[in-house]
Amino acid sequence: MSNGWLIVAMMAVTFIPRYLPFALAGRIRLPALLVKALSYVPIAILTAIVTLNSVVRENQIQLDLDNHHLIAAVVAALVAYFSRRMGLTVVVGLFVFAALTWWPSVV
Amino acid sequence: MASYRENLKAFASGAWDSLPVIVAAVPFGILYGALAVAGGLSETLTMAMSLLVFAGSSQFIAVTLMTAAVAAPVIVFTVFIVNLRHMLYSATLMTQMQNYPQWVRLPLAFWLTDETFAVINNKLNQSPSDRYFVWYYFGSAVAMYSNWQLCTWVGFNMGQGIPDLGSWGLEVAMVVAFVGIVVTSLHRPSHWLCAGVAVVCAVVTRDWPHQTGLLVSGILAILAGLLVDWTMGEESENV
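Residues numbered from 1 in each chain as written. Chains lettered and ligands numbered in written order. Predicted model: local features only at pLDDT ≥ 70, side-chain atom pairs only at ≥ 80, totals over all residues. Heavy atoms only, no water.

Considering the layout of surface pockets
Empty space left among the atoms is revealed by rolling a probe the size of a water molecule over them. Quick reminder of the rule: Only protein atoms enter the 1 Å grid used here. Points where a 1.4 Å probe fits but cannot escape make up a cavity, open sets with protein on both sides within 12 Å along at least five of seven lines make up a pocket, and a residue lines them when an atom lies within 4 Å of a point. Grid points are joined across faces, edges and corners, and a volume is the space filled by probe spheres set on the points. Numbering of helices and strands runs from the N terminus; a helix is a DSSP stretch of H or I covering at least four residues, while a strand is a stretch of E covering at least two. Polarity classes work like this: nonpolar for Ala, Val, Leu, Ile, Met, Phe, Trp, Tyr, Cys and Pro, charged for Asp, Glu, Lys and Arg, and polar for all others, with Gly in that last group. The domain limits used here are those given by an automatic or database domain assignment.
The calculated volume of the largest pocket comes to roughly 1400 Å³. Around the largest pocket sit 47 residues that line it, and L52 and N53 of chain A together with F28, S57 and Q211 of chain B are the ones nearest its centre. Looking at the lining of the largest pocket, the element that brings in the most residues is helix α2 (residues 19-38) of chain B, giving six residues. Of the residues belonging to the lining of the largest pocket, the class tally is 23 nonpolar, 16 polar and eight charged. Residue contributions to the lining of the largest pocket reach at least three from each of two domains, namely domain 1 (2-168) and domain 2 (186-239) of chain B.

With respect to the domain arrangement of chain B
Residues and elements named next belong to chain B. The line we're drawing: By definition in these notes, contact holds between two residues if any of their heavy atoms fall within 4.5 Å. Summed over both partners, the accessible area lost on bringing two parts together, with a 1.4 Å probe, is the buried area. Put simply, a salt bridge is a Lys or Arg side-chain nitrogen that is within 4 Å of an Asp or Glu carboxyl oxygen. A 3.5 Å cut-off defines polar contacts: any pair of N or O atoms within that distance qualifies, except that in protein one atom must be a possible hydrogen donor and the other a possible acceptor, and neighbouring residues in sequence count only when both atoms are side-chain atoms.
When its domains are assigned, chain B resolves into domain 1 (2-168) and domain 2 (186-239). On a C-alpha basis, the centres of domain 1 and domain 2 stand 25 Å from each other. If you look at the interface, domain 1 gives eight residues, while domain 2 gives five residues. Approximately 600 Å² of surface area, both sides summed, lies buried where domain 1 meets domain 2, with 77% of it carried by carbon and sulfur atoms. In terms of surface lost to domain 2, no three residues of domain 1 exceed I81, R85 and L88, which account for 54% of the buried area on that side. Counting across the domain 1 and domain 2 interface gives zero salt bridges. Applying the counting rule to domain 1 against domain 2 returns one residue pair in polar contact (both at pLDDT 80 or more). Elements represented by at least two residues in the side of domain 1 that touches domain 2 include exactly α4 (56-67), α5 (72-82) and α6 (85-92).

A word on unusual backbone geometry
So the rule is basically this: The buried label goes to any residue with under 20% of its type's maximum accessible area, the exposed label to any with over 50%, and the partly exposed label to all in between, with areas taken from a 1.4 Å probe on protein chains only.
The backbone of R84 of chain A shows a phi angle near 60°, a positive value even though the residue is not glycine. By the element assignment, R84 of chain A lies in the loop between α4 (68-83) and α5 (86-102). The backbone of F54 of chain B sits at a positive phi, close to 50°, despite the residue not being glycine. Following the sequence through the fold, F54 of chain B ends up in the loop between α3 (43-53) and α4. On the basis of relative accessibility, which here comes to 3%, the residue F54 of chain B falls in the buried class.

Digging into the side chain of T92 of chain B
In this fold, T92 of chain B is placed in helix α6. Looking at T92 of chain B, its side chain comes within polar contact range of the main-chain oxygen of L88 of chain B, at 2.6 Å. Contact partners of T92 of chain B, with chain neighbours within four places excluded, come to L38 and V41 of chain A together with F117 of chain B.

A look at the packing of α4 of chain A against helix α11 (residues 172-183) of chain B
Packed helix pairs are specified by the crossing angle of their axes together with the interaxial distance, meaning the distance between the axes. Our working rule: Note on geometry: axes are lines fitted to C-alpha atoms, helical ones only across the stretch in contact, with angles between N-to-C directions running from 0 to 180 degrees. An angle below 35 degrees is read as roughly parallel, one above 145 as roughly antiparallel, one from 65 to 115 as roughly perpendicular, and any other as oblique. When the near helix sits turned anticlockwise from the far one by under a right angle, the crossing is termed left-handed; a clockwise turn instead gives a right-handed crossing.
Their axes nearest at 9 Å, the elements α4 of chain A and α11 of chain B cross at an angle of 30°. When the axis of α4 of chain A is compared with that of α11 of chain B, the two are roughly parallel. Here α4 of chain A runs over α11 of chain B; the crossing is right-handed. Contact with α4 of chain A, carried on its side by H69, A72, A73, A76, A77, A80 and Y81 of chain A, involves V172, V175, V176, V179, G180 and V183 of chain B of α11 of chain B and no other residues of that element. Class assignment for the residues of the contact of α4 of chain A with α11 of chain B results in 11 nonpolar, two polar and no charged.

Comments concerning the confidence of the model for chain A
Applied cut-off: Per residue, pLDDT captures the predictor's confidence, and it can take any value from 0 to 100.
Here chain A averages 93 in pLDDT, while 95% of its residues score no lower than 70. Averaged pLDDT values over the elements of chain A bottom out at 93 in strand β2 (residues 60-61) of chain A and peak at 97 in α4 of chain A.

Some thoughts on the packing of aromatic side chains
Note the threshold: Only Phe, Tyr and Trp rings are paired, with Trp represented by its six-membered ring, and only when their centres lie within 6.5 Å; those with planes under 30 degrees apart are stacked, over 60 edge-to-face, the remainder tilted.
Under the definition given, this model contains 16 aromatic pairs over all chains. Summarising the aromatic geometry, the rings of Y89 of chain B and F117 of chain B are spaced 4.2 Å apart at their centres and angled 15° between planes, so their arrangement reads as stacked. Linking Y89 of chain B in helix α6 with F117 of chain B in helix α9 (residues 114-126), this pair joins segments that are 28 residues apart in sequence. Exposure class is identical for Y89 of chain B and F117 of chain B. Each is buried. Geometrically, the ring pair formed by W111 of chain B and Y145 of chain B is tilted, given 5.7 Å between the ring centres and 55° between the ring planes. Linking W111 of chain B in the loop between α8 (102-110) and α9 with Y145 of chain B in helix α10 (residues 133-158), this pair joins segments that are 34 residues apart in sequence. Classification of W111 of chain B by relative accessible area gives buried; the value is 15%. The exposure class of Y145 of chain B is buried, given its relative accessible area of 16%. Here the aromatic cluster, defined as three or more aromatic residues joined through ring pairs, consists of F15 and Y19 of chain A together with F54, F110, W111, W135, F138 and Y145 of chain B.

With respect to the interface of chain B and chain A
Accessible area lost upon the coming together of the parts is a frequently used measure of interface size. In this complex, chain B contributes 84 residues to the contact, which on the side of chain A involves 62 residues. Carbon and sulfur atoms supply 79% of the area buried between chain B and chain A, which totals about 6600 Å² over both sides. Interface area lost by chain B to chain A is led by M94, V176 and R206 of chain B, which between them contribute 10%. At the junction of chain B and chain A, the tally comes to two salt bridges. Taken together, the links from chain B to chain A amount to 21 residue pairs in polar contact (both at pLDDT 80 or more). Across the side of chain B that touches chain A, the residue classes break down as 55 nonpolar, 20 polar and nine charged.

Next up, the structure:
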């Protein structure tokens, strides 16, 4: 297979799963159970992605104060829970991370 | 005229809300370009992959496999597996898409990524029947896409001259944005259990190849949420 065809094949296998449900929207009705299941997709997948970039670092579980990603995530979770504000959550989370990483003499 | 302005406003707001996840994607785009150079891929091939495939983790894996001269069908199948979770994203957005023509759905589907899904899903939680939702989606998608092309190009052409961006930990911007999105959408006990199961499963399956652990963790977390709904019934939904 030439590289050109390889790209076309890769495009097909990434595009089709993204497009198929969109293409069928309005044409088929999903069963109620599936609709309910899909309502959990954002929480389920995004939480897993966050975990793999905070609790887990470079494929190892890292539960200590050197894990700045984890500390930033926990602080962000608290800010989000109490303030319900996205912008504030991101700014405080990034600030905590930056302070821990580039200002180590303070902590 | 008024609607044109509203569309543009929604587009800009989609792009703006994507800023944290775009920043987080910068080192990955540059690293992808740099890896492609190191692996001996041509600039055309490297850019074509970003322009036509547009799937960060798949492109990484594809470059690694191509460099190692792995057979093409294996590469294609691996890319397919890595991206399968996008089908869940797409299915989640079906209701929003049913009123738009296919020519609108087509580019939006092509541009569906973890990042854009997180941002637009958050928008839907805040304002479920937003008339300008599709423009907001376009804004997020076009911003992500342009940034990805630019970073790929920079990585390919100047990757060697840039200090190791991977070690800056910029993905923290995505982490805190996703945390904000998830935490503000935890309304019921079933949501909390779903998130808890996702954490545990993601940790347990962290070594699984090609992001299969991510997909399986997601599915188990969804089932955990459903289980709470079944056992607690409608009650839990009104909390």
